[in-house]
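Reading the structure
What follows is each chain in one-letter form.
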Protein chains: 4
Amino acid sequence: MTDDEYEAELARLQVALVDAQIWAQAEGKKICIVFEGRDSAGKDGAIKRITEHLSVRQTRIIALPKPSDREKSQWWFQRYAEHLPAAGEWVIFNRSWYNRAGVEKVMGFSTPQEQEIFLRDVTPFETMLDDAGIILIKLWLDISKKEQKARLDDRRADPLKRLKVSPLDAVAQEKWDAYSAARDEMLRRSHHAGGPWTCVKTDKKKDARLNTIRHILHILGCPAYSLDVPAPDADIVFGYDKVIAGERELFK
Amino acid sequence: MTDDEYEAELARLQVALVDAQIWAQAEGKKICIVFEGRDSAGKDGAIKRITEHLSVRQTRIIALPKPSDREKSQWWFQRYAEHLPAAGEWVIFNRSWYNRAGVEKVMGFSTPQEQEIFLRDVTPFETMLDDAGIILIKLWLDISKKEQKARLDDRRADPLKRLKVSPLDAVAQEKWDAYSAARDEMLRRSHHAGGPWTCVKTDKKKDARLNTIRHILHILGCPAYSLDVPAPDADIVFGYDKVIAGERELFK
Amino acid sequence: MTDDEYEAELARLQVALVDAQIWAQAEGKKICIVFEGRDSAGKDGAIKRITEHLSVRQTRIIALPKPSDREKSQWWFQRYAEHLPAAGEWVIFNRSWYNRAGVEKVMGFSTPQEQEIFLRDVTPFETMLDDAGIILIKLWLDISKKEQKARLDDRRADPLKRLKVSPLDAVAQEKWDAYSAARDEMLRRSHHAGGPWTCVKTDKKKDARLNTIRHILHILGCPAYSLDVPAPDADIVFGYDKVIAGERELFK
Amino acid sequence: MTDDEYEAELARLQVALVDAQIWAQAEGKKICIVFEGRDSAGKDGAIKRITEHLSVRQTRIIALPKPSDREKSQWWFQRYAEHLPAAGEWVIFNRSWYNRAGVEKVMGFSTPQEQEIFLRDVTPFETMLDDAGIILIKLWLDISKKEQKARLDDRRADPLKRLKVSPLDAVAQEKWDAYSAARDEMLRRSHHAGGPWTCVKTDKKKDARLNTIRHILHILGCPAYSLDVPAPDADIVFGYDKVIAGERELFK
Ligand SMILES: Nc1ncnc2c1ncn2[C@@H]1O[C@H](COP(=O)(O)OP(=O)(O)O)[C@@H](O)[C@H]1O
Ligand SMILES: Nc1ncnc2c1ncn2[C@@H]1O[C@H](COP(=O)(O)OP(=O)(O)O)[C@@H](O)[C@H]1O
Ligand SMILES: Nc1ncnc2c1ncn2[C@@H]1O[C@H](COP(=O)(O)OP(=O)(O)O)[C@@H](O)[C@H]1O
Ligand SMILES: Nc1ncnc2c1ncn2[C@@H]1O[C@H](COP(=O)(O)O)[C@@H](O)[C@H]1O
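Note that the coordinates shown come from a computational prediction; the quantities given were computed from them, not determined experimentally. (Residues numbered from 1 in each chain as written. Chains lettered and ligands numbered in written order. Predicted model: local features only at pLDDT ≥ 70, side-chain atom pairs only at ≥ 80, totals over all residues. Heavy atoms only, no water.)

Moving on to the interface of chain D and chain A. Contacts between the two partners involve 26 residues from chain D, matched on the other side by 27 residues from chain A. Note on chain D versus chain A: buried area summed over both sides is about 2300 Å², and carbon and sulfur give 60% of it. Contact with chain A buries area across many residues of chain D, yet D:R57, D:L160 and D:L163 alone supply 35% of it, more than any other trio. Note that A:E52 is salt-bridged to D:K48, the shortest N-O span being 3.0 Å. The tally of links from chain D across to chain A stands at ten residue pairs in polar contact (both at pLDDT 80 or more). Listing elements by their share of the side of chain D that touches chain A, those giving two or more residues are α1 (3-27) and α2 (43-51) of chain D. For the side of chain D that touches chain A, a count of residues per class yields twelve nonpolar, seven polar and seven charged. (Contact = heavy atoms within 4.5 Å. Buried area = accessible area lost by both parts, 1.4 Å probe. Salt bridge = Lys/Arg side-chain N within 4 Å of Asp/Glu carboxyl O. Polar contact = N/O pair within 3.5 Å; in protein donor to acceptor, adjacent residues only side chain to side chain. Helix = DSSP H or I, 4+ residues; strand = E, 2+ residues; numbered from the N terminus. Nonpolar A, V, L, I, M, F, W, Y, C, P; charged D, E, K, R; others polar.)

On to the relation of the copies chain C and chain D, then. Take chain C, turn it by 180°, move it 0.0 Å along the axis, and it overlays chain D with an RMSD of 0.0 Å. Here the transformation between the copies is reduced to the relation of a two-fold axis. Comparing interface residues between copies, 100% of those in chain C also sit at the interface in chain D, which points to an isologous, same-surface contact. (Least-squares fit on C-alpha atoms with pLDDT ≥ 70 in both.)

Counting residues at the interface gives 26 residues for chain C, matched by 26 residues for chain D. The three residues of chain C that bury the most area against chain D are C:W75, C:M128 and C:D131, which together make up 33% of that side's buried surface. At the boundary of chain C with chain D, the tally comes to four salt bridges. Here C:D131 and D:R120 are joined by a salt bridge, their closest N and O atoms 3.5 Å apart. There are ten residue pairs in polar contact (both at pLDDT 80 or more) connecting chain C and chain D. Of all the secondary-structure elements, those providing two or more residues to the side of chain C that touches chain D are α3 (69-73), α4 (78-81) and α6 (112-131) of chain C. Among the elements that take part in the side of chain C that touches chain D, α6(C) stands out by supplying eight residues, more than any other. In terms of residue class, the side of chain C that touches chain D is made up of 14 nonpolar, four polar and eight charged.

Below is the structure:
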């Protein structure tokens, strides 16, 4: 795919996202998209393309900093719940409540018991959101160890990306296996009817972005797309059930 | 019980509540007490006695007005969740998320489907609070039809109580049976290990208040009560399981 | 005044408060009452009597705990501003933004520069609230050194009042003069047309409470009081301008 | 300026923005940037370039929808105040409290009295933010009538920009003069030492963006810019005092 082809296709898909938001506003739909994935898996970039032409007043990107002490003592989902969408709103979480099963587990930022409780509670939590009519789209952006290394190295060299370099990056490669194990347990235990996980291979950024948007558009199923929305490439975007069935693999 | 005896016993129990809050602060306990019951069942009065000597900065009474349109479109529990207690805090709900199964059902303020979803979701919701270490005490204040009539009549005659008279009072007696049916389904479906219902007979206000406090103190189980806390009177305060077992009855 | 006379007069005045709230709801008035005063000056007790028969859903008592580190770095008025009343609401601050000029100054909880900025900014801040149609009633509860000592001693002896005993009480007497100086500067610099200070002598609790309510009722000037509201006793309740004019004195 | 030159210079300036945010975090600076200007003046586009490489967790873009009825009854600044920055945070307002003096005045969304109050209160409000150490950067993006027409026409034709088309656009040209008059009064009355207005000519988008960033960088005055930051072009970016002095003109 050339750059021009990518840009053209991206613009086509963004037109459909605009269709979808106009429709969602009219219908009072509530959209909640959760982006998860290792450091440098491409969360920020994907979110940028999705929101590029959406309404600034109806779309919120939520990227919470680490919890304060008071927040730590509260119900874990509390500080996320206050940002959930009302009618017509789109809320995109750049990392989310799943921190507890990912970075917090690997880095020891919470207790094993808290992490276990999270994994037990997340399915009922999301089932309630589903019951409330919130369209919940959960995306796991999956990057290979090699590509992550390349991106993290690149970040460190790029003066524009210094704010992306976090102390946690330093151990991302080192703790690769721990993150893989955390991811596997997390996906396995939180994949459910009201909040299924979709995996996206992100080693090729452009393919990942285009297919992520295609997937979102398919899930939203807006009846009024002014253009054909091709199905996502099944090798790039696939439900976690395909992984369970052994038909697809996540990076190890 | 004379007035003096009542005041003396109330003061004794309030001393134990003070013990309990000092302990809860030190231990970082999170206390959440939910008061439910028909109009005039005695929620405001009980809450007043409980909070009388508690810390104004660590205790919050939450009495939400009816939801705005935007709130109506959100996840039902969202506007309640933001008030849940952090470490050391006591939060008392004067009416709560249970509105959906009570007044909203009887008055048609939400759809039957929304009410059904609530009854399905409230147990997992509260189970999560329990998992988070929140001590959840749910109280159903049970008043008889006759006593309610007397109190509502009294309110209408008392210039001090005009702000308690709500348009909904007018139909409380008329819709008595609908409220009873709503209550029965609500209690039955939301009585669970992490959030058991306790019923309190409130036709006799003083007995009700003293025994409510005794119950709270027993549940909190603060090891350092400076005074003996008598068990609540089992004819006034009883778990909803007693009703299920046919050993106690709620007013019809 | 006997207890019975006090109770009777309190009830009469509370009836007028109920009148006032009914009127304020109908007219969409926004009421904001600020209670300031030294430890044990009677803030909690006065607030209790005022709110006793008001609507729990339209009246909020705000008693904020000490600011978190994040809050400390924000605009000082920010965490108070979020609680200001909307149409029909009554908000009562039990201590307020004036902490910066009182306890924070005496105890050194903020810098002299922050305290100076506060004293410079508070008048424009309140002028804006006044411009916004918020009825702002600022009360300085004035207690004598001797009476404070008696009350603090009493607190320490009373198991019911243990939650009122704060580490700051211990130095209240010792730092009496520093508190007096802080008070004098605060009142002098923040007494202005849109937010005048009213002083209340509180050594006699009952007189203080009755006269505080009378003052509030006079300020609100609800046209529909169902009972005559006597003017407050000019020796107990007086504008700070009387102090400026040398006609009244605050305790030294 | 070719596209490549623009991109190269943009990247250079963004590197300096990254420097500035790293410094602001370390120093606990609080940054608040207000973007104002007519429809299509280029607010969204400029904000996008500024935030492109900033930390998603320390930077918030606030683009509030129209106020609810409850919000309308509150102190006007209240719903904005809650988003003000704490230490280390950058908050960018895409339209702001100035709505009251612009769109609300021209469209009659509030009363003349409310608008007058706003113009009287905004200077003391912002002076307080300045006193609180918030670095407040207020930008008026100034577009010509002709260029606005072209952009609005373009929007209507571009399926990607449909969410930018608002009912208010329809009258933007028609009410051009009313908007000019509102702007002139607004700038004149709210230009003050603690919150000076800077005007940016935005008919040439690229020049506008680069110079806007240069201006921000100069104001921030981070000592550690790793690159030279050229001064903004004085014909594109200029203080409102230049307009007052008759040295520069805004579009009529
Ligand atoms: N000490 C901590 N406790 C809990 N969570 C933390 C802690 N430090 C960082 N986090 C969380 O870990 C996640 C990843 O951090 P980081 O890699 O720095 O952010 P980003 O995803 O923006 O690159 C973020 O959601 C952050 O809030
Ligand atoms: N239209 C409505 N929609 C939803 N809830 C409502 C509506 N009207 C009243 N309520 C709720 O019904 C409950 C009972 O109302 P009311 O009897 O007036 O209050 P109170 O419990 O203070 O006496 C309150 O929680 C109130 O918020
Ligand atoms: N009825 C209204 N009352 C008050 N403000 C409004 C109203 N309608 C729109 N606004 C405000 O006017 C501003 C301009 O609206 P619009 O042109 O639709 O938005 P945008 O700036 O996103 O293009 C926004 O800040 C919006 O919140
Ligand atoms: N360390 C502190 N910093 C700022 N304010 C405080 C601090 N400690 C107590 N306060 C405030 O001082 C006031 C009196 O405290 P207390 O007497 O403990 O209720 C309350 O408003 C407290 O929030």
